[in-house]
Amino acid sequence: MVKVRLLQLGAFACVSALWAIVAAAGVVSPTALPGPRAVTVALGDLLAGGAFWQAVAETLRGAVVGLVAAIAVGIPVGLVTGMYEAAEESSRLLVEMLRSFPVIALLPVFLLVLGSTPGMKATVVFIACVFPVLLQAQYGARGVSQAVREMAHGYRIPRLLRMRRVVLPAAAPSIMTGLRLAATTSVLVSIGVEVLTTLPGIGHMIMESQQAGASARAYAYILTAGAIGYTITLLAQFAEHRLLRRRPPARAGEE
Amino acid sequence: MPWKPILRQLWLPALVFLILLVSTEGSASFYFPPLTEVLGALWHELLHGSLVEDLLFSLRNIMAGLALATVAGVGAGLVIGEIRVLRLATGPLLDFARATPTVGFVPVIILTLGIGSGPKIFLIFLGSVWPILLNTVSGVRDISPAVHETARGYRIPWTLRLRRVVLPGALPQILAGIRVALSVAVVLMVVSEIYGSPVGLGNFILQSGSSFHVAETWAGTILIGILGYALSVLLLLVEHRLLGWYHERAPRARAPRPIPTESVKSNGVVV
């Protein structure tokens, strides 16, 4: 384990060194790629100021509101359509089409209809996140074995109870995957909306910094966005582990 | 041709389409023009406007960026997946790169490198290379050790081994990665064109939106949706051709319909 950590540190050092060399060699202009030192300094300055935390809070607020709404809608609809084959089959094509729609393309339309408001940001996040949650819930609900399904039917277990005690636990691992995907997506979409509109947040700060010629600051914001995404992934993996401990691991990893 | 399953899947989309058609008919709302008008605008722009040009520009950028990402991602992924030390060392770095939203790079790249086609292809590449790379790594890792040992035991040269053993073994995961990458690519295409571009579908919807040509805005949005869906269907067809052997091999493992975009292991992001 210690050896792996050392290896990872080494790889990190190599990449940083490579970055510094490319930036210093002047292959690309410093406005396109500032060096790691300048970015670190800029990040330090940002961490001390209030505007940075406000931007982070704005981005997260849009992401969380949209995500919560997506979970509240996606899980029940996914479970119900997963329980009944006819419902799944009927909605399959429609969901397929809606899911492959690049949500960010709705932005000009939403700007027209809803205007440039935080509610619009949350709505775009909601639309982007609801499909991964819905599909994973549906997938999980379909995984309930025939025997279990027939038994629940035979004992005439009421529908709601069956959904809560049979289908939901069976679908939990799959739902967790959906939540992990949706959580990363939510931040990504939130930032994407901010880049393209005047709504405050990390995305807007990146654009503003770059326009002001402070590309090191823009990179510091991008790294922050990466750190947020990475933290979400780690947290989701941790939660998955804790919640699903009673289950045997899907596969014995070597790491 | 079995008609019943097709009908069973088709009735709801058809119904939704009809409801939209009827409910917007004669609509006086400024923001929701009649669907017939939107479709008419789409048809008119495709025939007489420059929309075909926009479509081709966007399509070319997506294809070029995705092709570059596939070559780089699969190449690097095969190497990283095969060499254990490299895989362990780069794990967190790759996860971090994957989690960094590429949309953040859009202002940086476009403001410094310009509004032409090159920076957009670069952005699409930058966003779509990670899902392909990570899926390739995990695909290589999932090949049974027995297969690996056998190939090594027979001293099959490494180039041949990569091409005939490792690549086919990882192919299902690689293709799943490309599908995730495709949706990322479409998003980056749209964002980079809305942010700054003289042509392209993103520019079309932005321009018509800001000049309040609502029907055209909806028409462009629908066209982007059609483009995204058509590309994903195309990719599915390719996958069926390439993976016929894989789907035939394990029918018992296919009880529930496999989810098209992400296998559970690929931490793909669909936007």
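What counts as what
- Residues numbered from 1 in each chain as written.
- Chains lettered and ligands numbered in written order.
- Predicted model: local features only at pLDDT ≥ 70, side-chain atom pairs only at ≥ 80, totals over all residues.
- Heavy atoms only, no water.
- Helix = DSSP H or I, 4+ residues; strand = E, 2+ residues; numbered from the N terminus.
- Buried < 20%, exposed > 50% of the residue type's maximum accessible area, 1.4 Å probe, protein only.
- Contact = heavy atoms within 4.5 Å.
- Areas by Shrake-Rupley, 256 points an atom, 1.4 Å probe, with all protein chains shown as cover.
- Lys, Arg positive; Asp, Glu negative; His and termini not counted.
- Charge placed at Lys NZ, Arg CZ, Asp CG, Glu CD.
- Core = buried A, V, L, I, M, F, W, Y, C linked by side-chain atoms within 4.5 Å.
- UniProt positions renumbered as here; feature names shortened; annotations may be inferred.
- Axes fitted to C-alpha atoms, helices over the stretch in contact; angles between N-to-C directions.
- Parallel < 35°, antiparallel > 145°, perpendicular 65-115°, else oblique.
- Left-handed = near helix turned anticlockwise from the far one by under 90°.
- Nonpolar A, V, L, I, M, F, W, Y, C, P; charged D, E, K, R; others polar.
- Buried area = accessible area lost by both parts, 1.4 Å probe.
- Salt bridge = Lys/Arg side-chain N within 4 Å of Asp/Glu carboxyl O.
- Polar contact = N/O pair within 3.5 Å; in protein donor to acceptor, adjacent residues only side chain to side chain.

Another aspect to go through is the overall build of chain A. Regarding its fold elements, chain A presents 10 helices and zero strands. Expressed as a percentage of its 255 residues, the buried residues of chain A come to 49%. In chain A, the proportion of contacts linking residues at least 24 apart, taken out of those at least 6 apart, comes to 76%. Summing over all exposed atoms, chain A offers an accessible surface of approximately 12,600 Å²; the carbon and sulfur share of this is 69%. Charge separation in chain A, taken as the distance between the mean sites of 21 positive and 12 negative side-chain charges, equals 9 Å.

Attention now moves to the nonpolar core. A general tendency of soluble globular proteins is for nonpolar side chains to be buried together. Grouped together as the largest cluster of nonpolar side chains are 112 residues, with contacts concentrated most on L79(A), V124(A), V193(A), L196(A), I202(A), Y221(A) and I62(B). In contact with V193(A), other than residues within four places in its own chain, are I104(A), L107(A), M120(A), K121(A), V124(A) and L199(A).

Our focus in this paragraph is the UniProt feature "transmembrane region" (unreviewed entry) in chain B. As recorded in UniProt, the sites labelled "transmembrane region" (unreviewed entry) are residues 62–81, 93–115, 165–191 and 218–238 of chain B. With 100% helix and 0% strand, the stretch residues 165–191 of chain B has end C-alpha atoms that lie 39 Å from each other.

What follows deals with the UniProt feature "transmembrane region" (unreviewed entry) in chain A. UniProt marks residues 63–86, 98–116 and 218–239 of chain A with the feature "transmembrane region" (unreviewed entry), using the numbering shown here. In residues 98–116 of chain A, helix accounts for 47% and strand for 0%; the two terminal C-alpha atoms are 23 Å from one another.

Attention shifts here to the UniProt feature "domain: ABC transmembrane type-1" (unreviewed entry) in chain B. As annotated by UniProt and renumbered to match this structure, "domain: ABC transmembrane type-1" (unreviewed entry) occupies residues 55–239 of chain B. Secondary structure over residues 55–239 of chain B splits into 87% helix and 0% strand, and the C-alpha atoms at its two ends are 24 Å apart.

Here the UniProt-annotated "domain: ABC transmembrane type-1" (unreviewed entry) positions come out as residues 56–240 of chain A. Secondary structure over residues 56–240 of chain A splits into 85% helix and 0% strand, and the C-alpha atoms at its two ends are 25 Å apart.

All names here are of chain A. The geometry of helix α6 (residues 118–142) relative to helix α8 (residues 159–196) is characterised by a closest axis approach of 7 Å and an angle of 160° between their N-to-C directions. Taken together, the axis directions place α6 and α8 in an arrangement best described as roughly antiparallel. Helix-helix and strand crossings are classified by hand; for α6 and α8 the assignment is right-handed. Residue composition of the contact of α6 with α8, by class: 19 nonpolar, eight polar and two charged.

Along the chain, the position of K120(B) falls in helix α6 (residues 117–141). Leaving out residues up to four positions away in the same chain, K120(B) has contacts with F57(B), N61(B), I115(B), S192(B), E193(B), G196(B) and S197(B).

This brings us to the interface of chain B and chain A. Chain B puts 64 residues into the contact, and the matching count from chain A is 64 residues. Overall, the association of chain B and chain A removes approximately 6,200 Å² of surface from exposure, summing both partners, and the carbon and sulfur fraction of that is 72%. Inspection of the region where chain B meets chain A yields zero salt bridges. The interface formed by chain B and chain A contains one residue pair in polar contact (both at pLDDT 80 or more). Counting residues per element, the ones that place at least two in the side of chain B that touches chain A are α1 (3–23), α4 (84–99), α5 (105–113), α8 (158–195), α9 (201–210) and α10 (214–242) of chain B. At 10 residues, the largest contribution of residues to the side of chain B that touches chain A is made by α4(B). Among the residues forming the side of chain B that touches chain A, the class breakdown is 42 nonpolar, 13 polar and nine charged.

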